[in-house]
Structures are given as structure tokens and as C-alpha cells.
Amino acid sequence: MAINKTKVAVGFIVAGALTVVSGLFFLIVGPMVMKDQVIKNTVIDPKNEMSYTMWKDVPVPFFMSVYFFNVLNPEEVLVGEKPMVEQRGPFVYRKRIQKDNITFHANGTVSYREYRRFFFEPSMSSGNESEVVTIPNMLVLGAAVMMENAPFTLRLTMSAAFKVFKEGAFLTKPVGELMWGYDSGLVDFLNSYLPGMLPSTGKFGLFAEFNNSNTGLFTIHTGQDDIRKVHKVDSWNGLTKLSNWNSPQCNMINGTAGQMWPPFMTRESTLPFYSPDACRSLELVYQRDGAMKGIPLYRYVAPKTLFANGSDYPPNEGFCPCRQSGLLNVSSCRHNSPVFISHPHFFNADPVLLDSVQGLRPTEDEHGLFIDIHPLTGVPLNVSIRLQLNLYMKKVSGITETKKISEVVMPMIWFEERPKSCRINVV
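Visitor: Explain the state of the cysteines to me, and be specific about the residues and the numbers.
Guide: Inspection of the entire model under this criterion finds 2 disulfides. Between Cys-279 and Cys-333 runs a disulfide, and the two sulfur atoms are separated by 2.0 Å. Handedness here is read from the sign of the S-S torsion; for Cys-279 and Cys-333, about 90°, the answer is right-handed. Taken together, the residues span a long stretch of sequence, with Cys-279 in the loop between β8 (270–275) and β9 (280–292) and Cys-333 in the loop between β11 (328–329) and β12 (339–342) at a distance of 54 residues. As far as the burial class goes, Cys-279 and Cys-333 line up, both buried. One disulfide bridge connects Cys-320 with Cys-322, the sulfur atoms lying 1.9 Å from each other. When the S-S torsion is -90°, as for the bridge of Cys-320 with Cys-322, the disulfide is left-handed. According to the relative accessible area criterion, Cys-320 is buried, its value standing at 13%. With no disulfide of its own, Cys-250 lies closest to Cys-320 among cysteine sulfurs, the gap being 8.2 Å. What makes Cys-250 buried here is its relative accessible area of 3%.

Listed below in C-alpha cells is the structure:
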């Protein structure tokens, strides 16, 4: 049977035309369909069972690794020599996170409290919680700085109390007690003479107030009315702004609660979030592209200006009184105790801080803070929040426990919070 070449040619032309039209249709409509699906599955709505469950109960195991700075020469520090420290750890804790008291509101917001508990993981740790380390005694050295301008007789009384309770400038105790609390009669005494210095009565520990606690009442946008607002904080504990800093900008509550962000991010987007533990809003910036198992991501990091002082970065003036760049003074929201937050090992900080303590070796790979985000959905694929707790200490006249201590910002511990390890290729 003869083939009609004209009909065949017409057939190919029609098929080609249909293919082109079909391709153009999917080129135009495909992204619209995908965008609609992203919006549908990003809105915080119990009807979106999978995404809602992921938001309500974080499905990925989170771990907190804690490192102590063990002081090697406490006696020499008391006569004015430079502190020498060695890093001990990690001591790893599984962090259980769960949202509760979830209430949806008619204005497109939802309120909740997020509860957290920590469980020690011996198999992931370098030692157990009975391991003993030596760190500065925050009760003594913190109280000394707080009382620097108090009447001399009151300082003498406080020093006598330290002696009665057998409290010195440094503590040597097991990790578990330093983390979650130890008995001390000094705690009740300080609560009587310096009310508000300590978070509670009874046991005192560096993380005692964080375990079996919640991060406050968050009210965030569901994205139902505007997907650009999804996860953004509307209020925290009923507040739309803070009061512990010295400028309107520094008191702003910006961004999300720090777990997810709005979708459709670009390299020009930033990553703002409010951290109750840091008592302020933080903002990360785009650094570079990457991929996880073929899934594209953007890496966001802390800019050097994040903890810069007001002299180096004027917008941060509201966080002062400041010391060197690289430190955040959180005394105003930590019971006026002379406590500072920084990056671990004073990474990205003024070199003076690093030179004041022997044994620190900062690197970006080990001590930099980052969040890897899937830009289409705003979902974090990998997170590493690394922060260090420091105590400002010095000689205070009348409090003999401080002897001849040189003025120094002393690192005590640093910690990293991150999910179970994921392999990331960053380009």
C-alpha cells in the first residue's frame, strides 16, 4: 500500500505543533501549578496533615552538643595571669521539641508554646556527666561585678558570706551538676541580698532553667491570607516589641520563630528570626549555594556585624553597654549578671578577646553558625546553631575571692544545636 507523503508530512507538522503548544503550556502553567502546591502545603493548617504534623512536632531528631572550657591554671588566674583553658566534650543531649496549647485565631494567626526536654546520650558523648571540670564560679564572680559600685561594707559582707558557704572564684564539679544544677546555700543567700540575680531558688546550673521549660507564648502568622507572612512572629508573650534594649530598632521582634521561613526565597533574601534565649532578633545573610542529595539549598550565615559593638556598627548601639566586637551583652535579660554571648572560641570577634585567653582556636568550619534553606519552600535542610556563654570577671575591691584577677571576658561553655547529621555539598 502506497504511503501518502503529503499526509505524513502534515501529520508530523501537526504533531510538532502540538508538542510546541504543549511545551509552552507546561512552561507557563507548570510553575504556576508548582507555586500553588507550595502555597497549599506551606500554610499552617491542620487540614494539611503532613506539613502541619511536621510543624507541630519536629520530625528530625535534634541534638545539643556541649563543650566546657576547663580552666588549667585557676590559682595563677587569681594572681593576674592569663587564663589557660582546654576544651572538654562534647557532652551530647537529645533535644525533644513539642508544640502545645495550639490555638488558631480568626485574624490568620496561631498561638502555641514550644516545650523542650534534654536527654543525655552517652554513646554520642566523649565522656559521661560524672566527668569533673573546673570553670569560673558564676555565683561568686558574677555577684562581685554586680556589686562593684555597692557600699564597701556591703561588699565585705558579701565576701564573708562566700567564705561561710565555702564558695571560691572557681568551681570543680561534675558536668551533670554544672549543667542541670547543684545544691548551694549561697543561692538562697544571694536571692535575699541580690533579688533577681538568679532565675530560681534551690539548685543552680547553667542550663537548669532551660530543661523541662518552654520558650514563651508565640503567636505567628499561618499564611492563610498572605503566604509571604507565614511563620512570621506576630507577638511573643503578648509583646510586639521588647523593652530590654536601648533603641526601637534593637527592641523589634523580627522574622519567624527560627524553625521555618516563608517560601520563594532568593539570594537577596535574609533569614530573620526572634530568639527568646538570646533576648533579641537575629538575622542571617546568604553566603553560597549548595545541595543535599540533589536538592538545591542556600546557605545563610551570621554576618560579622551580628555581634559587633556600637562603635564598629552603629545600628547595634542599642544593644550597649558594649565591650569588644563579637560579644552580645545579655545582662539586661539575664538578671543583670555580667554574661555575654559570642560565637565559639571568639570566632569573628575582636582579636583582643582571643589574645586574653590561652587555648582558643576559632575556625569557620567548627565554630561558624549557619542554616541551609530549601529556597522554594523555606524549609531548613540543615542547621548548626553554635553559641558560647562567657562571664566578664575582674578584681573587685572588698571581695577578696577575686584577689588580683585581671579584667577578662572568660569563656565558660559553648554549645551546638543541630539535627541528625546530613551530608551537604556546598559550592
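That shown, we press on.
Visitor: Pulling in residues and values, what's your account of helix α2 (residues 49–56)?
Guide: Buried residues of α2: Ser-51, Tyr-52 and Trp-55, and no others. One side of α2 holds all its buried residues, which, seen down the axis, span an arc of 100°. Relative to its buried face, α2 has exposed residues pointing more than 90 degrees away, namely Glu-49 and Met-50.

Visitor: So what's going on with the environment of Pro-338? Residues and values would help.
Guide: Structurally, Pro-338 is set in the loop between β11 and β12. In this structure Pro-338 comes out as buried when scored by relative accessible area, which is 7%. Expressed as a C-alpha distance, the spacing of Pro-338 and Met-146, which sit 192 residues apart in the sequence, is 7.3 Å.

Visitor: Describe helix α4 (residues 138–146), and please don't skip the residues or the numbers.
Guide: Within α4, 8 of the 9 residues are buried, which leaves it mostly tucked inside the rest of the structure. Those residues of α4 lying buried are Met-138, Leu-139, Val-140, Leu-141, Gly-142, Ala-143, Ala-144 and Val-145. N-cap assignment for α4: the residue whose side-chain oxygen lies 3.1 Å from the backbone N of Leu-139 is Asn-137.

Visitor: Describe in detail the pairing of strand β14 (residues 379–393), supporting the description with residues and values.
Guide: Counting buried residues along β14, 13 of its 15 residues qualify, which places the element largely inside the surrounding structure. Where β12 meets β14, 4 bridges bridge the pair, whose relative direction is antiparallel. Of the residues in β14, the one forming a bridge with Phe-340 is Asn-390. In terms of strand pairing, strand β13 (residues 370–374) meets β14 through 5 bridges, oriented antiparallel. Considered in β14, the bridge of Phe-370 is made with Ser-384.

Visitor: Mind laying out the nonpolar core, listing which residues take part and the relevant values?
Guide: Judged by nonpolar contacts, the single largest core of 102 residues is most densely connected at Phe-68 and Leu-206. Not counting chain neighbours up to four residues away, the residues in contact with Phe-68 comprise Glu-86, Gln-87, Arg-88, Phe-91, Val-133, Ile-135, Val-175, Leu-178, Met-179, Leu-206, Met-412 and Ile-413.

Basis of the calculations
- Residues numbered from 1 in each chain as written.
- Predicted model: local features only at pLDDT ≥ 70, side-chain atom pairs only at ≥ 80, totals over all residues.
- Heavy atoms only, no water.
- Disulfide = S-S within 2.5 Å.
- Helix = DSSP H or I, 4+ residues; strand = E, 2+ residues; numbered from the N terminus.
- Buried < 20%, exposed > 50% of the residue type's maximum accessible area, 1.4 Å probe, protein only.
- Arc of directions from axis to C-beta.
- Polar contact = N/O pair within 3.5 Å; in protein donor to acceptor, adjacent residues only side chain to side chain.
- Pairing = 2+ DSSP bridges.
- Core = buried A, V, L, I, M, F, W, Y, C linked by side-chain atoms within 4.5 Å.
- Contact = heavy atoms within 4.5 Å.

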